[in-house]
Amino acid sequence: MVGPEDSHTSISLSVQAAQHGLGTAGSEILFAFSEDLHREGGLLRPLPYSWSDLYNLGARKMVISELGPLGCFPYVINGLKPRSRSCVDDANKLAFIFNDKLKVKIKELGDMLKGSTLITRIFDLIKSMIENPIAYGLKETRWPCCATQENGLCKVDKTGLLPPRNPFCPENAPTPPEFIQPKSSSGKTTEGLCEDRTSYLFWDELHLTKAANKIIVDKCVHPTSGGICSPYDINQLANI
């Protein structure tokens, strides 16, 4: 961790990232929203303690991500309207409320814990990827790349490993046939991994692909490409 006195050394260019996004507990976050969002503190109650712990360890340059559009994640759509490609508006409204509260809380904490912090505004960007995937080099924004379990994570074998890309063809086959993933009647993949994960927005039902995360990072590092970080971009934060 880096203290403010080291801000001009090479190590100070590192940025501590505190992600407040949709993780493996996405379902708990979603269903807790309706009961907890309007309570005093609500789901943001642990934030001051987490931030203070990082601050006391020397962290000064932190990136906090707002929630993405929860209602557009496959886990939520599959649970509420599995045969639809459209987002669940009520879930997105809850995420929007959370993000507004997050901005206020970060401002309050920033006044108490002096340092450099920026927020990545990913809600609108992910929504834009879904509505206009071609502009971002994506093709599939409804279904995840991998076949998933009930908890929304990728199916794994008995050893805990992901299946081969094409489970019906040896990996060293000289000319593997085109693999079409088996799907359920609703369109959900039931076996294997997609052939081209760079064209997918979602890796599993709860997480974005590396390709999607790269788009987010690029827009935070290069503000000329439509910066989503506020009040600085990553390069400015590193040089403060």
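Residues numbered from 1 in each chain as written. Predicted model: local features only at pLDDT ≥ 70, side-chain atom pairs only at ≥ 80, totals over all residues. Heavy atoms only, no water.

### Notes on the confidence of the model for the protein
The predicted coordinates of low-pLDDT regions are not to be read in fine detail.
Right, on to step 1. Chain-level pLDDT for the protein is 75 on average; 70% of the residues reach the 70-or-more range.
Right, on to step 2. Averaged pLDDT values over the elements of the protein bottom out at 38 in strand β1 (residues 16–19) and peak at 94 in helix α5 (residues 123–131).
Right, on to step 3. In this model residues 1–27 is a low-confidence stretch, pLDDT under 50, and it forms 56 contacts with partners more than four residues away in sequence or in other chains.
Right, on to step 4. Throughout residues 166–177 the model reports pLDDT below 50, and contacts reaching past four residues in sequence, or to other chains, amount to 10 contacts. (pLDDT = per-residue confidence, 0-100. Helix = DSSP H or I, 4+ residues; strand = E, 2+ residues; numbered from the N terminus. Contact = heavy atoms within 4.5 Å.)

### Let's talk about the packing of aromatic side chains
Right, on to step 1. In this structure the tally under the stated criterion is 2 aromatic pairs.
Right, on to step 2. Pairing F96 with F123 gives two aromatic rings, centres 6.0 Å apart and planes at 75 degrees, and the pair type is edge-to-face. With F96 in helix α4 (residues 89–112) and F123 in helix α5, this pair connects stretches of sequence that are 27 residues apart.
Right, on to step 3. Given a relative accessible area of 46%, F96 falls into the partly exposed group.
Right, on to step 4. Residue classification places F123 among the buried residues on the basis of a relative accessible area of 9%.
Right, on to step 5. Above the face of the Y55 ring, R60 is positioned so that its terminal group lies 3.6 Å from the ring centre.
Right, on to step 6. Residue placement shows R142 over the ring face of W143; its charged tip is 3.8 Å from the ring centre. (Phe/Tyr/Trp six-rings, centres within 6.5 Å; stacked < 30°, edge-to-face > 60°. Buried < 20%, exposed > 50% of the residue type's maximum accessible area, 1.4 Å probe, protein only. Lys NZ or Arg CZ within 6 Å of the ring centre and 35° of its normal.)

### Thoughts on the layout of surface pockets
Summary: where empty space remains is shown by rolling a probe the size of a single water molecule over the atoms.
Right, on to step 1. What the second largest pocket holds in volume is close to 280 Å³.
Right, on to step 2. Lining the second largest pocket we find 16 residues, and of these I106, K107, G110, T117 and P231 sit closest to its centre.
Right, on to step 3. Top contributing element to the lining of the second largest pocket by residue count: α4, with 5 residues.
Right, on to step 4. Broken down by class, the residue content of the lining of the second largest pocket amounts to 7 nonpolar, 5 polar and 4 charged. (1 Å grid on protein atoms, 1.4 Å probe; cavity = no way out; pocket = protein on both sides within 12 Å on 5 of 7 lines; lining within 4 Å. Points joined across faces, edges and corners; volume = space filled by probe spheres on them. Nonpolar A, V, L, I, M, F, W, Y, C, P; charged D, E, K, R; others polar.)

### Some details on the packing of α5 against helix α6 (residues 210–221)
Geometry of a packed helix pair, given as the angle between the helix axes and the separation of the axes.
Right, on to step 1. The N-to-C vectors of α5 and α6 enclose an angle of 130 degrees; their axes lie 11 Å apart at closest approach. It follows that α5 is oblique to α6 by the angle criterion. In this structure, α5 meets α6 at a crossing whose hand is right-handed. Between α5 and α6, the contacting residues are L125, I126 and M129 on the first element and A212, I215, I216 and K219 on the second.
Right, on to step 2. For the contact of α5 with α6, the residue count by class is 6 nonpolar, no polar and 1 charged. (Axes fitted to C-alpha atoms, helices over the stretch in contact; angles between N-to-C directions. Parallel < 35°, antiparallel > 145°, perpendicular 65-115°, else oblique. Left-handed = near helix turned anticlockwise from the far one by under 90°.)

### Concerning helix α2 (residues 47–56)
Right, on to step 1. Along α2, the residues classified as buried are L47, W51 and Y55. The arc enclosing the buried residues of α2, seen along the axis, measures out at 60 degrees, which places them on a common side. Turned more than 90 degrees away from the buried face of α2 sit Y49 and N56, all of them exposed.
Right, on to step 2. Positive backbone phi, approximately 115 degrees, marks G58, located one or two places after α2. (Arc of directions from axis to C-beta.)

### Description of the nonpolar core
Right, on to step 1. Ranked by internal contacts, the top residues of the largest apolar core, which has 23 residues, are L118, I126, M129, L201, L208, I216 and I228.
Right, on to step 2. Of all the elements in the fold, those that place two or more residues in this core are α5, α6 and α7 (234–239).
Right, on to step 3. Counting residues per element, this core draws most heavily on α6, at 5 residues.
Right, on to step 4. Those residues in contact with L201 that lie beyond four places of it in its chain are I126, M129, I130, L138, E140, T141, L208, T209 and A212.
Right, on to step 5. Ranked by size, the runner-up nonpolar core spans 17 residues in total, among them L47, W51, Y55 and I64. (Core = buried A, V, L, I, M, F, W, Y, C linked by side-chain atoms within 4.5 Å.)

### Some thoughts on the state of the cysteines
Right, on to step 1. Inspection of every chain in the model, using the stated rule, returns 4 disulfides.
Right, on to step 2. Bridging C72 to C87, the disulfide has an S-S length of 2.0 Å. Its S-S torsion of approximately 110 degrees makes the covalent link between C72 and C87 right-handed. Here C87 lies in the loop between α3 (74–80) and α4 and C72 lies in the loop between β2 (61–65) and α3, a separation of 15 residues in the sequence.
Right, on to step 3. C146 shares a disulfide with C154; S-S distance 1.9 Å. Around the S-S axis, the bridge from C146 to C154 shows a dihedral of about -90 degrees and counts as left-handed.
Right, on to step 4. For the protein, the disulfide bridges join cysteines in the arrangement 1-2, 3-6, 4-5, 7-8, where the cysteines are counted in sequence order. (Disulfide = S-S within 2.5 Å.)

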